[in-house]
Amino acid sequence: MQGADPIRLAYWHWVNVSNLDAFLQDVYYYYEGKGIYSIALSRGLNLLTVGFVIGFSTFLLGCIDYSRIDPDKAMRLSDAIVDRCVTEFSGLTLLFFIPFTAFYIWQIVSFIMGIQRLRVLYNFYTHLLKIPDVDIQTISWPEIVRRIGAIREDNPNTALSSQNAGTPHDVTVAKLDAHDIANRILRQENYLIALFNKDLLDLRVPLPQILSRFISEEEGKGKMLTQALEWNLRFCLMEYLFDRNGQVRKVFLNSRNRVPLIEGLRRRFIFMGILNAIFAPFIVLYLLMYSFFRYFEEYHKNPSSIGGRRYTSYAQWKFREFNELPHLFVRRLDESYPAASMYIGQFPNEKVTLIMRFVAFISGSFVAVLFLATVLDPDILAHLEITPHRTVLFYLGVFGSILAVARGMVPDDNRVFDPELLMTEVITYTHYMPESWRGELHSKKTHQEFGELFAMKILIFIEEVMSVVLTPFVLWFSLPDCAPAVIDFFREFSVHVDGRGYVCSFAEFNFERHGNVKFGAPTHVHDRRMISNEGKMEKSFLNFKAANPDWNPSDPSGSAYLNRMADFTAAHLPGTSIRRRVPVAPAGSESVHTAVGAEPIDRAQEYDRALRQSQFSARRRGTGGSVLGRRRSSTAVLGDSQGSVHVPLHRPPHPEVSTIAEDDLSEDGRIRGIPVEDEQDGLEDGEDGPTRVI
């Protein structure tokens, strides 16, 4: 195909897509990476970074004879360098050098092979989607989805992807609406989100009986999920469940294969534990060297940043929702950081504060004296040794760093204490509120539990290093016992969709199968195993609709759910106005916000409003309705604010549902118990759950 017309070449690649999931994933990651040049530059610089870490670490550890360095006399670095050091490597040094070199060569080969794939995607965006590379940084993802769907409609024979459909004879033309594309891109991630939501994975580090007397075991099934453990989970679970085409293996769908599949998964966990134990020394060494080079400058310039926080990997999997693309999820978490940081600062340890103020005073005094001395006589900065071989410059750096860290741990004197209000705002973005937090947002217990999810960066780094050593034990002893529940989950929560194959049933937003009336679902499911914890599916559905206002569910129960929530908010919250990003259609095309037989509208605001109601009603019952909660319910943004329109909805046909009795409305006009952040409540009929299907 060399020398062919780029447009025809792009069409040829599109028509001959054999794995539509992989292709759409590449299309999304190309968008997320901001185009061919940004991706190539990022990968190239990453390649240079890995090479620098390996080369510089090898030089420091194997090419310098530190015994030749005499601190009492002047000397050159060349005097301590070992000639032809690579040939002089000892057995242990060579053992580290060879695997790292082989790894780097593989990285170079992967980089070269990836360039050709980037060219294919470049042609697809430029010639088929009509999106030049310079516009990728500013165009919205819904607009890209719209253009992909338009290509499919204009060329119905493209991307038949029969290998992905479910049976060898299924040649159904694949749908390419927002939900289908997101479901294909996140087919594997949706299973992982469900596994964490259902708490099926035991992440606890097994403790010997001797240590268990002194160290208390983690509550629940553990929360220490590091990058090393997450990679192993992906390999053990997703590579086991899915075949080379990214489809669920049919063997998992038959209950007769349950026993051999369980034994196979157990062996997989144990094998990866052995493999991790073998490579643990290499991984620890690389992690330490890379982190030293990566973070030294940051902490040297700003020592107080050592106390910074971020969400742990476990927290991110608990917060993430079905079919939520990474860029939307990251934005949602980023919006929560200011309030989360302020909330953590609302619970200072008074004893630590007093000690840090004392340390800041002492270190500040030394810094002041040394600085004043250098002003009076600049020569003493580098020539006066306060201790042997330690000059004034050295101690200025030491005491200055101590002062910065101590000041960073002392709270502001003018802070306003209102943890309940701040946590309410955090929950607005994270969509996460366990049952134990209800009515306890002000408590130290809630603060500690949230602090485990929003942990200090230095503690997360220590966990990452320790995890390299501890991950083999988790794989050997903890995870094999989860194999039966995991295999059963794969079988029971996989459903077939025509033209798409098997997917996680939660991600299909099937209210008939998984609906929870306590979260507003129009149908009631009695089997507790089939309901998502904490209303995850219902929240995901509303969040997805808010992010994709032009998408309409094909399931009648989904349409009924949207109309129920929209009708309620229109009747009881008429003054609410939501400002959100409005995708703009290209010139000459039909407006993407045109309802059937109506003027252009923005229906997203109704679903934003329903989502906010779904998040707040249960919290307000526990918190008494904070001022910030009311304000956020009317001003929360799920994207860039480019327009605000209040319009009626076009309502598709839906099953008849019962009206809401006045007794079932709370004082603030919301439906009682929609949602109550409790899976168990969804299995019982109480005074706060009036929704019924007729």
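Since the model is a prediction, treat every value here as computed from it, not as a measurement. (Residues numbered from 1 in each chain as written. Predicted model: local features only at pLDDT ≥ 70, side-chain atom pairs only at ≥ 80, totals over all residues. Heavy atoms only, no water.)

Here we look at the state of the cysteines
Among covalent bonds in proteins, the disulfide is the one between the sulfur atoms of two cysteines.
Moving on, step 1. Enumeration over the complete set of coordinates arrives at 1 disulfide.
Moving on, step 2. One disulfide bridge connects Cys 63 with Cys 85, the sulfur atoms lying 2.0 Å from each other. One disulfide, between Cys 63 and Cys 85, carries an S-S torsion of 60° and so falls in the right-handed class. Of the two residues, Cys 63 is situated in the loop between α3 (36–62) and α4 (91–128) and Cys 85 in the loop between α3 and α4; the sequence distance between them amounts to 22 residues. (Disulfide = S-S within 2.5 Å. Helix = DSSP H or I, 4+ residues; strand = E, 2+ residues; numbered from the N terminus.)

Details of the pattern of salt bridges
Moving on, step 1. Evaluated as defined, the whole model comprises 23 salt bridges.
Moving on, step 2. When the shortest N-O distance is used, the salt bridge between Asp 21 and Arg 187 registers 2.4 Å. Of this pair, Asp 21 sits in helix α2 (residues 20–32) while Arg 187 sits in helix α7 (residues 187–197), and the two are 166 residues apart along the sequence. Each member of the pair, Asp 21 together with Arg 187, is buried.
Moving on, step 3. Within this structure, Asp 21, Asp 180, Arg 184, Arg 187, Arg 500 and Glu 508 form a network of salt bridges that share partners. (Salt bridge = Lys/Arg side-chain N within 4 Å of Asp/Glu carboxyl O. Buried < 20%, exposed > 50% of the residue type's maximum accessible area, 1.4 Å probe, protein only.)

As for the side chain of Thr 226
Moving on, step 1. Tracing the chain through its elements places Thr 226 in the loop between α8 (209–212) and α9 (227–241).
Moving on, step 2. Under the relative-accessibility criterion, Thr 226 is labelled buried at 1%.
Moving on, step 3. Excluding anything up to four places from it in sequence, Thr 226 contacts Glu 463, Glu 464, Ser 467 and Thr 471. (Contact = heavy atoms within 4.5 Å.)

Observations regarding the packing of aromatic side chains
Moving on, step 1. Going through the model one piece at a time under the given rule, you end up with 47 aromatic pairs.
Moving on, step 2. An angle of 90° between the planes, with centres 5.7 Å apart, marks the rings of Tyr 432 and Trp 437 as edge-to-face. We note that Tyr 432, like Trp 437, is buried.
Moving on, step 3. An aromatic cluster is present here, built from Tyr 191, Tyr 240, Phe 242, Phe 252, Phe 322, Phe 489, Phe 490, Phe 493 and Phe 506 joined pairwise through their rings.
Moving on, step 4. Cation over ring: Lys 34 sits above Tyr 31, and NZ or CZ is 5.3 Å from the ring centre.
Moving on, step 5. When the ring centre of Phe 394 is taken as reference, the NZ or CZ atom of Arg 390 above it lies at 5.0 Å. (Phe/Tyr/Trp six-rings, centres within 6.5 Å; stacked < 30°, edge-to-face > 60°. Lys NZ or Arg CZ within 6 Å of the ring centre and 35° of its normal.)

A short note on the layout of surface pockets
Moving on, step 1. If you add up the space inside the second largest pocket, you get close to 1,500 Å³.
Moving on, step 2. As for the second largest pocket, its lining consists of 32 residues, and the residues nearest its centre are Gln 227, Ala 228, Ile 283, Tyr 286 and Leu 287.
Moving on, step 3. Residue assignment for the lining of the second largest pocket shows that the elements contributing at least two residues are α3, α4, α9, α10 (258–301) and α18 (457–478).
Moving on, step 4. Tallying contributions element by element places α10 first for the lining of the second largest pocket, with 14 residues.
Moving on, step 5. Its residues assigned to classes, the lining of the second largest pocket comprises 21 nonpolar, 6 polar and 5 charged. (1 Å grid on protein atoms, 1.4 Å probe; cavity = no way out; pocket = protein on both sides within 12 Å on 5 of 7 lines; lining within 4 Å. Points joined across faces, edges and corners; volume = space filled by probe spheres on them. Nonpolar A, V, L, I, M, F, W, Y, C, P; charged D, E, K, R; others polar.)

Side note on unusual backbone geometry
Moving on, step 1. One non-glycine residue with positive phi stands out, namely His 431, at about 60°.
Moving on, step 2. Position of His 431 relative to the elements: it lies in the loop between α16 (419–430) and α17 (444–453).
Moving on, step 3. With a phi close to 60°, Glu 534 is a non-glycine residue in the positive phi region.
Moving on, step 4. What makes Glu 534 buried here is its relative accessible area of 19%.

What to know about the pairing of strand β5 (residues 494–497)
Moving on, step 1. In the sheet, β5 pairs with strand β6 (residues 501–504) via 4 bridges, with the strands oriented antiparallel. Bridging across to β6, Val 495 finds its partner in Val 503.
Moving on, step 2. From the end of β5 to the start of β6, which pair antiparallel, there are 3 residues, and Gly 499 there has a positive phi angle of about 80°. (Pairing = 2+ DSSP bridges.)

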